Structure formats: C-alpha cells, structure tokens
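# Remarks on the overall topology
The chain contents come next:
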Amino acid sequence: MKKDFLCLSDWSRDELEAIFALTLDLKARQKRGEEHHLLRGKTLGMIFEKSSTRTRVSFEVGMYQLGGHALFLHSGTTQLGRGEPIRDTARVMSRYVDGIMIRTFSQAGVEELARWSDIPVINGLTDSYHPCQVMADLFTVVEHKGNYRDQVYGWIGDGNNMANSWINAAAVFGFELRVATPKGYAPDPAVVERARKAGAKVLYTHDPREAAAGATVLNTDVWASMGQEAEQQAREKAFAGFQIDGKVVAAADPACIVLHCLPAHRGEEISDEVIEGPHSVVFDEAENRLHVQKAIMATLMA
Ligand code: CP
Ligand code: NVA
C-alpha cells in the first residue's frame, strides 16, 4: 500500500520520529558531502497553484541530492488549470512520475489527488494544513532545545493552516500548545476537537501574553495568508497587538526560541528586532525544510 503525507494526524508518533531520525542522518551526510542517492532515477512532480520560494526550492534541490529529479508544474500552465479533472491528472501523472508534491487551496482536492494516484502524494501547503513545515519546525526545536517533549509552545497570530498543523502535532506528539488568536480568527474547530479527543493539551486564548508566558518556543505566521490578500486591511486592524515583539519575548522563557515559517511581514506578526534578534532561529528552520522533506520523500518513495 502506498502512503501519502497529507496531514500529520494520519501518522503515528513512532512513524514521524523515524522521519526525524532519517532527517538527522541525511542532514549529516549532506554536510559531510557524502552521496546519499536514496531516490536514484526517481522523479517528483511538483504541482503549484500558489506561490512559493522555500517549498519549491527545497523539494527540487532535495530530489537532486537524493539522486532523483523534480518537475515544476505551475497549475496555470498545465491542463489542471484549464479544468482537467483531478482524478484524470492523478492517473496520468502516476504513469510518469514516482511521487507528487502539491501546493493548492483545498485539502479535499489534495485528498482526491491522493485517492486517484498510485504513487505517494505530499501536501506542500493547503488552506487547511502545512505538515512539512511543522515537521521542519519540530526538527529545529530538537536541534536547539535538545527535545520537543519538554517544551511549552506558544502560537500567536492567525488560526490558519500553520496553526491547524501545530494543533495536529500537539495531539500526535503529546506536547503543550497555547494558541492566541484575535476573536473571529480561531483555528478550525474540527481540528481542535479532534486533537482534544486524542488527548492533546491545547489552550486557546485571545491574550498573546497568556500564550507566551513561560513558553520555550514562540511561533507565528502572517496575518493574511495566500488567498486572503483582499482581507489584508481588515486583518491589520483585527490583529493589532498580536505581534511577537520584545515584550512578548520577555514574557516567555529567557532561553526561548522564535520560529516563523517565512515569508515574514516585519512590523505585523513579528517585529524586526525579534526576527533579527538572538532568539530567532528562522533560517535554521527554513534550511530544515530541505532535510526533513528529503526524509519524507525517501520514506514514501524509496
Ligand atoms: N514556508 C513556506 O512554505 O515558504 P514558501 O511559501 O516560500 O514555500
Ligand atoms: N499561512 C501562510 C503560510 C505560508 C508559507 C499561507 O498560507 O500563506
């Protein structure tokens, strides 16, 4: 049976820890300049319906480093963009490539693609989730803090795709997560409910200081995600005060680290002082997209 990487909740803690172990190994081999062609001769098709810097570059470079090849397919220049059904695209691509990475709007669309594909499908971000990013985030936490378990995580900002994936992670990995959003910008209630049923310790508040108090890991993301550009002004009003700035960092643990999946809007969800400051690990986090995704691809496609 082929396996997909669509949502963290589809995976067990043991399976995800095996991905972290492989990430550590592949990262070390890459740093030593050792060949690690686990996907020699394999091809990844990468479908993008939204913009990207990190996801595109890290998947494409990752395939190359694993001895394979990646194809960049912008939906606007494929027949998918002209209405060819997902189920037909899935079956055609299954005849050519060995795996598909897709960045799009609807999670249901990604699930449909996976259902009709004979090959593994990886979610490179939807409106609902961004699982590869949260895997890279957690790997970064382990590198900087020694483990992910004993941390207190504070999410400050929008209840968006990143927040949803963090809530999934809290359930799968069993750590404490505090989420602070403005009223009306809560994470998906179904995601919260499922996580709570699975025993997740998720605190939900409208007070950024409550989420930050004593946190060892602070995390945020843009106020307006891709597809929400028209809401930018309304969101700037609603999110006033939901910024990781010096005061929020001062409320957290003195040794806290600050994550941001990037791209960042300095002066909105994070201050320039914090993102450029000593607590910020955002570029290690961005680098780890490469290493973690190589492990995900090798796990699914080797
Ligand atoms: N964090 C992230 O997914 O970045 P891109 O949008 O540049 O891929
Ligand atoms: N929440 C952001 C993440 C970008 C990587 C978005 O969906 O645009």
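Residues numbered from 1 in each chain as written. Chains lettered and ligands numbered in written order. Predicted model: local features only at pLDDT ≥ 70, side-chain atom pairs only at ≥ 80, totals over all residues.

## Considering the overall build of the protein
This is how the line gets drawn: Helix and strand definitions here come from DSSP, where helices need a minimum of 4 consecutive H or I residues and strands a minimum of 2 consecutive E residues; each element is numbered from the N-terminal end. Restricting the calculation to C-alpha atoms gives the radius of gyration, and the globule rule supplies 2.2 Å times the number of residues raised to the power 0.38. Backbone-placed C-beta atoms define the burial measure: a residue is buried with 20 or more other C-beta atoms within 10 Å of its own, exposed with 12 or fewer, and partly exposed in between.
A count of helices and strands for the protein gives 12 helices and 9 strands. Radius of gyration (C-alpha) of the protein: 19 Å, near the 19 Å computed for a compact globule of 302 residues. Based on the C-alpha atoms only, the size of the protein along its principal axes is roughly 55 × 45 × 35 Å. Per-residue burial over the protein gives 49% buried out of 302 residues.

## Structural notes on the sheet that holds strand β4 (residues 121-123)
Worth spelling out the cut-off: A pair of strands counts as paired when DSSP detects no fewer than two bridges linking them. Every angle, taken between N-to-C directions, lies between 0 and 180 degrees, and every axis is a line fitted to C-alpha atoms, over only the stretch in contact when it is a helix.
Spatially, 4 strands are ordered β2-β1-β3-β4 in an open sheet, and the strand pairing comes out parallel. Looking at the sheet topology across the chains shown, the edges are occupied by β2 (69-74) and β4. On average, adjacent strands in this sheet sit at an angle of 20 degrees to one another, irrespective of strand direction. Across 3 bridges, the pairing between strand β3 (residues 99-103) and β4 is parallel.

## Digging into the pairing of strand β8 (residues 217-220)
Of the two faces of β8, the one lined by V217 and N219 and the one lined by L218 and T220 are each fully buried. The sheet contact formed by strand β5 (residues 152-156) and β8 spans 3 bridges and is parallel. In the sheet register, Y153 faces β8, and the bridge partner there is V217. In terms of strand pairing, β8 meets strand β9 (residues 257-260) through 4 bridges, oriented parallel. When the bridges of β9 are listed, T220 appears paired with H260.

## Quick notes on the packing of helix α2 (residues 54-65) against helix α12 (residues 282-301)
Our working definition: Roughly parallel refers to an angle under 35 degrees, roughly antiparallel to one over 145, roughly perpendicular to one between 65 and 115, and oblique to any angle outside these ranges. It is the rotation of the near helix from the far one that decides the hand of a crossing: anticlockwise by less than a right angle makes it left-handed, clockwise makes it right-handed. Any two residues are considered in contact once their C-beta atoms, placed from the backbone, lie within 7 Å. Basically, the charged four are Asp, Glu, Lys and Arg, the nonpolar ten are Ala, Val, Leu, Ile, Met, Phe, Trp, Tyr, Cys and Pro, and anything else, Gly included, counts as polar.
Where α2 meets α12, the closest approach of the two axes is 9 Å, and the angle between their N-to-C directions is 50 degrees. In terms of axis orientation, α2 runs oblique to α12. Taken as a pair, α2 and α12 cross one another with a handedness that is right-handed. From α2, R54, S58, F59, V61, G62, M63 and Q65 reach across to α12, where they touch A286, R289, L290, Q293, K294 and M297. Partitioning the contact of α2 with α12 into residue classes produces 6 nonpolar, 4 polar and 3 charged.

## Here's the deal with the UniProt feature "binding site: L-ornithine" (unreviewed entry) in the protein
Our working rule: UniProt positions are given in the numbering used here, feature names are shortened, and annotations may be inferred rather than shown by experiment.
On the UniProt side, "binding site: L-ornithine" (unreviewed entry) is annotated at positions that read N161, D221, S225 and M226 here. In summary, the annotated positions, though distributed over 66 residues, converge in three dimensions, the widest C-alpha pair being only 11.5 Å. Within the secondary structure, D221 is located in the loop between β8 and α9 (232-238). Its 25 C-beta neighbours within 10 Å are what place D221 among the buried residues. The residues contacting D221, other than those within four sequence positions of it, are G157, D158, N160, M162, H260, C261 and E269. Among residues more than four places away in sequence, those in contact with S225 are D158, N160 and N161.

## Brief notes about α12
Using the following cut-off: Here, expected helix span is obtained from the residue count minus one, scaled by 1.5 Å. Here the bend at each residue means the angle between axes fitted to two seven-residue stretches, the one ending at that residue and the one beginning there.
Over its 20 residues, α12 runs 28 Å from end to end, which matches the ideal 28 Å to within 8%, given 1.5 Å per residue. The largest bend along α12 measures about 30 degrees and falls at N288. The buried count for α12 comes to 14 of 20 residues, which makes it a mostly enclosed element.

## Regarding the environment of V192
For V192, the position within the fold is in helix α7 (residues 189-197). In this structure, the C-alpha to C-alpha distance between V192 and G81, residues 111 residues apart in sequence, is 33 Å. Sequence-distant contacts of V192, that is, excluding residues within four places in its chain, are made with I167, P187, V202 and Y204.

## A look at the site of ligand 1
Put simply, the test is: Near, for a residue, is defined by distance from a backbone-placed C-beta atom to a molecule or strand, with 6 Å as the limit that must not be exceeded. As annotated, the domain borders come from an automatic or database domain assignment.
Around ligand 1, the surrounding shell consists of S52, T53, R54, T55, L125, Q133, C261 and L262. Classifying every residue of the shell around ligand 1 by side-chain character gives 3 nonpolar, 4 polar and 1 charged. Among the domains, domain 1 (8-130 + 288-301) and domain 2 (133-285) are the pair contributing at least three residues each to the shell around ligand 1.

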